[in-house]
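# Notes for the structure review
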Amino acid sequence: MITKQHLSVAVFGDVDSGKSTTCGHLVFKLGEVNQRKIDELKALAEKEGKSSFGFAYVMDRTKAERSRGITIDVTMLKFNTNKYNYTIIDTPGHKDFVKNMITGTAQADVGILIVTAEKGGFEAGFCQGGQTKEHVLLAYTLGLRQIIVCVNKMDDKLVNFSEERFENIKSEVSLYLQKIGFNLKNVSFIPISGYIGHNLTEKSESMPWYKGNTVLEALDSVTPPTRPVEKDLRIPIQGIYKVDGIGIVVSGRVESGVLQTNKSICFAPYEGKANTKLEVRSIEAHHTKLSEGMPGDNIGFNVKNLEYKDISKGAVCGYVGERAPRECESFEAQVIVINHPGSIKKGYCPVVNVHQASVSCEFEEIVKKIDRKTGASIEENPSFIKNGECAIVKLKPRKAVCVETFANNAPLGRFIIRDMKVVVAIGIIKSVNYK
Ligand code: GDP
């Protein structure tokens, strides 16, 4: 029986910054993996010529289990502290990292940003065209407001636990976070060594100048977001699985409302037979049966009468009735262009990532260019918009998708626009025309 509150943590940062090592070590320290397993993984890493990757394999092990098929806790690793139950959302080494980051972060309550303190390493990752900045911007757009910044590899020979190096990185990253919109009150900076274990769960003796929280303390100081239990049930579907002897299991995070067993549910979009009665048979998280799925829970649930082909990733689950989730015809949104090589005109048709859905949408109209801060109109019906500009636009999805206004249900109302794998714009939904 789970009683402690549950928080989801998204871990992000550049490749090789030490995400897997840090997470693996943290989970080990919190007793989720035993010494024998760690020794085994270290031996395995050694055998594969990657001796320093022992802890990283804790994360990769879950990945391996996942690829075998039926595990429904998709990209998840869990650990508990005295205060909360956590789920770490990450798939280290994923090739299409941005896409992965979008679906992962869209489910997170708090982010851990890992940057390396290595000379040149931080500069390459954070300053010169590295992806860290883009990830941070995406995280903010996706609703993340609390971040723990871990300055990793403080044990590196050239860094040698230098307070000056830590402070320099801290001010550089702070400046950027502030520019994006983060309130620094909700951001903490911790100098760590994920590999050796400094400042993860115990204060490091090698950095007596650091008086702040350990990673564990920082996680336990997170303010849990309010969980919208009163709102209509909405679960954007992340995965659909055929499980032998059980049937169809779908996974996702409950964004609002409460999922209960033996109730009639529906999906939008849904391609099954219209009158089929879909019912929730059982709910679980991390292989533990739950009596209900609350907002913020990453769950898997078994649905009676659902067939594999009836829904796809990005469908939204809700209760049957007047307030059921619905497909939209088009929607009006406020967008900010951040990285488009030319200009965006009517007819442009990039990919929109909204909750777990990924769908091509056409710019049907550019209604007006507006001032980013005040919202005042600058130009009605402009012929194009370009980088740095903010506009109200009308978007028409090319295939069925369920969205809602940002004001009504934020996780279903914010999106990222991508083209050729690059994030070109971000936006929030102002109004929806339903079918
Ligand atoms: P990821 O790609 O961000 O998940 O990074 P990994 O966790 O796979 O680590 C990449 C490399 O950095 C590995 O060789 C790790 O052993 C090394 N590494 C990770 N954390 C530390 C650290 O705290 N100190 C040092 N010196 N090396 C580290």
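This is a predicted model, so every value here is computed, not measured.

So, on to the nonpolar core. Ile-112, Val-149, Val-173, Val-215 and Leu-219 are the most contacted members of the largest nonpolar core, which totals 65 residues. Taken domain by domain, this core gets at least three of its residues from each of domain 1 (6-221) and domain 3 (327-434). In terms of nonpolar packing, the next biggest core, distinct from the first, is built from 26 residues, Val-337, Ile-366, Val-424 and Ile-429 among them.

Before going further, it helps to examine helix H7 (residues 163-180). For H7, with 18 residues, the first-to-last C-alpha span of 26 Å sits near the 26 Å given by 1.5 Å per residue. When we look at burial in H7, the residues that qualify are Arg-165, Phe-166, Ile-169, Val-173, Ser-174, Tyr-176, Leu-177 and Ile-180. Check the buried side of H7 and you find it contacts strand S4 (110-116), helix H5 (121-127), helix H6 (132-141), strand S5 (147-152) and strand S6 (187-191). Backbone nitrogen of Glu-164 and a side-chain oxygen of the N-cap are separated by 3.2 Å at the start of H7; the cap is Ser-162. Phi turns positive, to about 135 degrees, at Gly-181, one or two residues after H7.

Take the packing of aromatic side chains next. Taken as a whole and judged by the stated rule, the model has 8 aromatic pairs. Consider the rings of Phe-166 and Tyr-210, whose centres lie 6.2 Å apart with planes at 80 degrees: the pair is edge-to-face. Of this pair, Phe-166 sits in helix H7 while Tyr-210 sits in the loop between S6 and helix H8 (215-220); the two residues are 44 residues apart in sequence, bridging distant segments of the chain. A relative accessible area of 2% places Phe-166 in the buried class. Linked through ring pairs, Phe-79, Tyr-84 and Tyr-86 together constitute an aromatic cluster. A cation over a ring is seen here: Lys-263 above Tyr-319, with NZ or CZ 4.9 Å from the ring centre.

The buried count for H6 comes to 7 of 10 residues, which makes it a mostly enclosed element. Of the residues making up H6, those classed as buried are Thr-132, His-135, Val-136, Leu-137, Leu-138, Ala-139 and Thr-141.

As a further point, take the packing of H6 against H7. Where H6 meets H7, the axes come as close as 10 Å, and the angle between the chain directions of the two elements is 40 degrees. For the pair H6 and H7, the crossing hand works out as right-handed. Residues Lys-133, Val-136, Leu-137 and Tyr-140 of H6 form the contact with H7, whose own contacting residues are Tyr-176, Leu-177 and Ile-180. The class makeup of the residues in the contact of H6 with H7 is 6 nonpolar, no polar and 1 charged.

With respect to the secondary-structure elements, Asn-353 resides in strand S17 (residues 351-354). Look at Asn-353 and you get buried, because its relative accessible area is 5%. Side-chain polar atoms of Asn-353 contact the side chain of Arg-418, separated by 2.9 Å.

Right, let's talk about the site of the ligand for a bit. In the neighbourhood of the ligand, 16 residues make up the surrounding shell, with Asp-16, Lys-19, Ser-20, Thr-21 and Asp-155 lying closest. In this structure, Lys-153 approaches the ligand through a side-chain N or O atom, which is 3.0 Å from an oxygen atom. Here an oxygen atom of the ligand sits 3.0 Å away from a polar atom, N or O, in the main chain of Gly-194. When isolated, the ligand has an accessible area of 580 Å², and the protein chains bury 86% of it. It is helix H1 (residues 19-29) that provides the largest number of residues to the shell around the ligand, a total of 3 residues. Considering only residue class, the shell around the ligand consists of 3 nonpolar, 8 polar and 5 charged.

Criteria and thresholds
Residues numbered from 1 in each chain as written. Predicted model: local features only at pLDDT ≥ 70, side-chain atom pairs only at ≥ 80, totals over all residues. Heavy atoms only, no water. Core = buried A, V, L, I, M, F, W, Y, C linked by side-chain atoms within 4.5 Å. Buried < 20%, exposed > 50% of the residue type's maximum accessible area, 1.4 Å probe, protein only. Domains from an automatic or database assignment. Helix = DSSP H or I, 4+ residues; strand = E, 2+ residues; numbered from the N terminus. Expected span 1.5 Å × (residues − 1). Contact = heavy atoms within 4.5 Å. Polar contact = N/O pair within 3.5 Å; in protein donor to acceptor, adjacent residues only side chain to side chain. Phe/Tyr/Trp six-rings, centres within 6.5 Å; stacked < 30°, edge-to-face > 60°. Lys NZ or Arg CZ within 6 Å of the ring centre and 35° of its normal. Axes fitted to C-alpha atoms, helices over the stretch in contact; angles between N-to-C directions. Left-handed = near helix turned anticlockwise from the far one by under 90°. Nonpolar A, V, L, I, M, F, W, Y, C, P; charged D, E, K, R; others polar. Near = heavy atom within 4 Å. Areas by Shrake-Rupley, 256 points an atom, 1.4 Å probe, with all protein chains shown as cover.

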